[in-house]
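Structure assessment
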Amino acid sequence: MNISKKLNHKVTMLLSGEKGTVCKDHGGKLRICLVYPNTYHIGMSNLGFRIVYSLFNKRDDVVCERAFLPDNDVIDEHIRTGTPLFSLESRRSLISFFDVIAFSISFENDYPNVLKILDLIKLPFYSSERDERHPLLIMGGPCTFMNPEPLADFFDVIFVGEAEALTDKFIDTFNKSSDRMFLYQELVDFAGFYVPSLYETEYNSLGSIKRRSTLLSAPEKIKKAVTANSDFIDAAGQLIGEKTEFSNMHLIEAMRGCIWKCRFCAVGRIYNPVKTRSLESIVKEISLRQGITSKVGVISPSLTDYPHVKELLCLENIEFSITSLRADKKSSDILSLIKNKNSVSIAPEAGSERLRKVINKKITSSDIIETSRRILESGIRTLRLYFIIGLPTETDDDIEEAVILINKIRETSPKGNIVASVSTFVPKPFTPFQWHPMAERDTIKRRLKILRDNLKTKSIKIFHEAPKHSYMQGLFSIGDRRISKIIEYISKDMDLQGACRLAGIDPEFYISRKRLSHEIMPWDFIDNSTDKVSLLKEYRKALSVRSE
Ligand code: SF4
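Residues numbered from 1 in each chain as written. Predicted model: local features only at pLDDT ≥ 70, side-chain atom pairs only at ≥ 80, totals over all residues. Heavy atoms only, no water.

**Looking at the overall build of the chain**
- Helices and strands together make up the secondary structure of the chain, namely 22 helices and 19 strands.
- Scaling as 2.2 N^0.38, a compact globule of 548 residues should have a C-alpha radius of gyration of about 24 Å, and the chain matches this with 24 Å.
- Overall, the C-alpha framework of the chain stretches about 65 × 65 × 45 Å when taken along its three principal axes.
- Counting all 548 residues of the chain, 59% fall into the buried class.
- Long-range contacts, defined here as pairs at least 24 residues apart, represent 73% of the contacts in the chain between residues at least 6 apart. (Helix = DSSP H or I, 4+ residues; strand = E, 2+ residues; numbered from the N terminus. Rg over C-alpha atoms; globule rule 2.2 N^0.38 Å. Buried < 20%, exposed > 50% of the residue type's maximum accessible area, 1.4 Å probe, protein only. Contact = heavy atoms within 4.5 Å.)

**Some words on a nonpolar patch on the surface**
- A grouping of Met181, Leu215 and Leu216 is seen on the molecular surface, where their side chains present a nonpolar patch of about 240 Å² in accessible area.
- Mapping leucine 216 onto the fold places it in the loop between strand E8 (209–214) and strand E9 (222–223).
- Looking at leucine 216, the relative accessible area reads 47%, which means it is partly exposed. (Patch = residues over 30% accessible without salt bridge, like charges linked within 9 Å, V, L, I, M, F, W, Y side chains within 5 Å. Areas by Shrake-Rupley, 256 points an atom, 1.4 Å probe, with all protein chains shown as cover. Salt bridge = Lys/Arg side-chain N within 4 Å of Asp/Glu carboxyl O.)

**So, the packing of helix H15 (residues 365–377) against helix H16 (residues 396–412)**
- Across the interface, H15 lies against H16 with an axial gap of 9 Å and an inter-helix angle of 35°. Where H15 crosses over H16, the two elements pack in a sense that is right-handed. In this structure, H15 contributes Ser365, Ile368, Ile369, Ser372, Arg373, Leu376 and Glu377 to the contact, and H16 contributes Leu405, Lys408, Ile409, Arg410 and Thr412.
- A breakdown of the residues in the contact of H15 with H16 according to their chemical character gives 5 nonpolar, 3 polar and 4 charged. (Axes fitted to C-alpha atoms, helices over the stretch in contact; angles between N-to-C directions. Left-handed = near helix turned anticlockwise from the far one by under 90°. Nonpolar A, V, L, I, M, F, W, Y, C, P; charged D, E, K, R; others polar.)

**Description of the pairing of strand E17 (residues 417–424)**
- Summarising burial for E17: 6 of the 8 residues are buried, a large majority.
- In this fold, the crossover linking strand E16 (residues 382–389) to E17 by way of H16 has right-handed handedness.
- Sheet topology places E17 next to strand E18 (residues 460–464); 5 bridges connect them, and they run parallel. Residue pairing for E18: isoleucine 418 is matched across the bridge by isoleucine 460.
- In this fold, E17 hands off to helix H17 (residues 441–454), which returns the chain to E18; that crossover is right-handed. (Right-handed = clockwise from strand over helix to strand, strands pointing away. Pairing = 2+ DSSP bridges.)

**Description of the layout of surface pockets**
- Estimates place the volume of the second largest pocket at around 590 Å³.
- If you go around the second largest pocket, you meet 20 residues; those closest to its centre are Lys468, His469, Met472, Asp495 and Leu496.
- The set of elements that each furnish at least two residues to the lining of the second largest pocket consists of helix H6 (111–121), H17, helix H18 (467–478) and helix H20 (496–503).
- Among the elements that make up the lining of the second largest pocket, the one with the highest residue count is H18 (5 residues).
- Its residues assigned to classes, the lining of the second largest pocket comprises 8 nonpolar, 4 polar and 8 charged. (1 Å grid on protein atoms, 1.4 Å probe; cavity = no way out; pocket = protein on both sides within 12 Å on 5 of 7 lines; lining within 4 Å. Points joined across faces, edges and corners; volume = space filled by probe spheres on them.)

**Examining the side chain of glutamine 434**
- As for its placement among the helices and strands, glutamine 434 is situated in the loop between E17 and H17.
- Glutamine 434 gets classed as buried once you look at its relative accessible area, which sits at 2%.
- Side-chain polar atoms of glutamine 434 contact the backbone nitrogen of phenylalanine 430, separated by 3.0 Å.
- Reaching out from glutamine 434, the side chain makes a polar contact with the side chain of tryptophan 523 at a distance of 2.8 Å.
- Once residues within four sequence positions are removed from consideration, glutamine 434 is found in contact with Pro427, Lys428, Pro429, Arg515, Met521, Trp523, Lys532 and Leu535. (Polar contact = N/O pair within 3.5 Å; in protein donor to acceptor, adjacent residues only side chain to side chain.)

**Concerning the sheet that holds strand E15 (residues 343–349)**
- In space, the 4 strands of this open sheet follow the order E15-E16-E17-E18, with parallel pairing throughout. Pairing within the sheet leaves two strands with one partner each, and these edge strands are E15 and E18. Strand after strand, the sheet turns through a mean of 25° between neighbouring axes, direction not considered.
- Two elements, E16 and E17, share 8 bridges in a ladder whose sense is parallel. In the strand pairing of E17, leucine 385 is matched with alanine 420.

**Considerations on the packing of aromatic side chains**
- All chains considered together, the criterion is met by 18 aromatic pairs.
- Ring centres 4.9 Å apart and planes at 50° place the aromatic pair tyrosine 126 and phenylalanine 154 in the tilted group. Placement of tyrosine 126 in the loop between H6 and strand E4 (136–140) and of phenylalanine 154 in the loop between helix H7 (142–146) and strand E5 (157–159) is noted, with a sequence separation of 28 residues between them. When sorted by exposure, tyrosine 126 lands in the same class as phenylalanine 154, which is buried.
- Ring pairing ties together the aromatic residues Phe159, Phe170, Phe174, Phe190 and Phe193, which thus form one cluster.
- For the cation-ring pair, arginine 31 lies above phenylalanine 97, with the distance from its terminal atom to the ring centre recorded as 3.9 Å.
- If you follow arginine 513 out to its NZ or CZ, it ends over the ring of phenylalanine 509, 4.1 Å from the centre. (Phe/Tyr/Trp six-rings, centres within 6.5 Å; stacked < 30°, edge-to-face > 60°. Lys NZ or Arg CZ within 6 Å of the ring centre and 35° of its normal.)

Here it is in structure tokens:
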């Protein structure tokens, strides 16, 4: 394949900052290209993506290379020169060289990028338009544990569960399969493999799901695959990049899942059971990286709850970075051990005690204020406070209480900057709030204005996601297969409204409608040990807080 100077130069630049790039001989091996549906910078900052690269490449019978969504100027160069997307490592065309193209998808708003990439690969979008001559298209990642349906029509096989429990089974089955149908029929006998083309969905006249039927005796429910190994990741082969959010940093996952059950949050539900890594295995992994980097990023949804956090941060000659702490007393002891003073975040989520009770965030205003004070006083340069607006039962009063809370935090210490990072509530599958609609656009705009107007000081900054992105995320989070057309049109640079209009779909049906308790959800076919009856009880309990 002829590759222009500009395209070659771009890849050389990206790879020049890496350590641990795997370049294998291709002979006789299964060829997989792992794709992240966003730029190199974002994809290489994603621990899950880096782990899957290691998992595939650990096998002697596999060569796994990578591809990303190119920057806009590079996309233009691909189009100008007619060059199909190629892998970083060997610069081979994805469509003509690889047996499998594997997407790792963590965020719903990346869905249109999947199709932008398929377009650059020159691969037909829909699985029904492809056959044995095309590479097999598979996907995994947190979005597939929750609700893969909006992307179901595009993929041949979807991994539902943790990659560690699925990659070997997939490779062994692929290697012994004579054709695609054989592969599909073998895979669906295992937990965690979903073949969307073996399922059909019927809808009621009002638009909700009437029933799902299976073809060729595929199982009705797909059981989420879970790794049994509590030292779940031995990612010592993990590559390290310079041009990423965690520049030259080795990332370590200390815990997977979360012991708290905040009602809006999927992390506390979909990674059951919670896994805690032993200190010994982390120390061993760090020692294997010595000489390559002394920077280690510890990843965990709630690091304060990692039982060995203090011993870990006491390890000598390592510069640890942590992302977030829980606002409680335990965090105070951890603060003195943090050497990288750039930034630490805590997540009050809501301004009032009442609303935190609704969402089951078990921290008090005084915990938040005291933890924030200690963070600022410890010399951390930026304290990031995460808030969500548009939560169930929220009123303008709750937002005013958030203003009071942030101002009180500011008054506790003149040191450091405070950044309030505000997102819009999006209902997530497998949470008690999966039935709840998103707030009206005008409500969100008004509440953002309350925050902005009342927090006008130099040392408090507010960041919020554009509401249009939140609504797109909401649609993709809880949508069904009919959403695929909208994703296709957005991938061709149409806005959400225009895409919905062209697809003949009313987005309000998905995002502004309170779902009926008995309604079949698009993700009900995934068995991840979450009990829908308990979720509904939790939802009702949350709504009852309003009148207390
Ligand atoms: S919001 Fe944070 S603390 Fe709550 S369940 Fe999710 S990860 Fe855990």
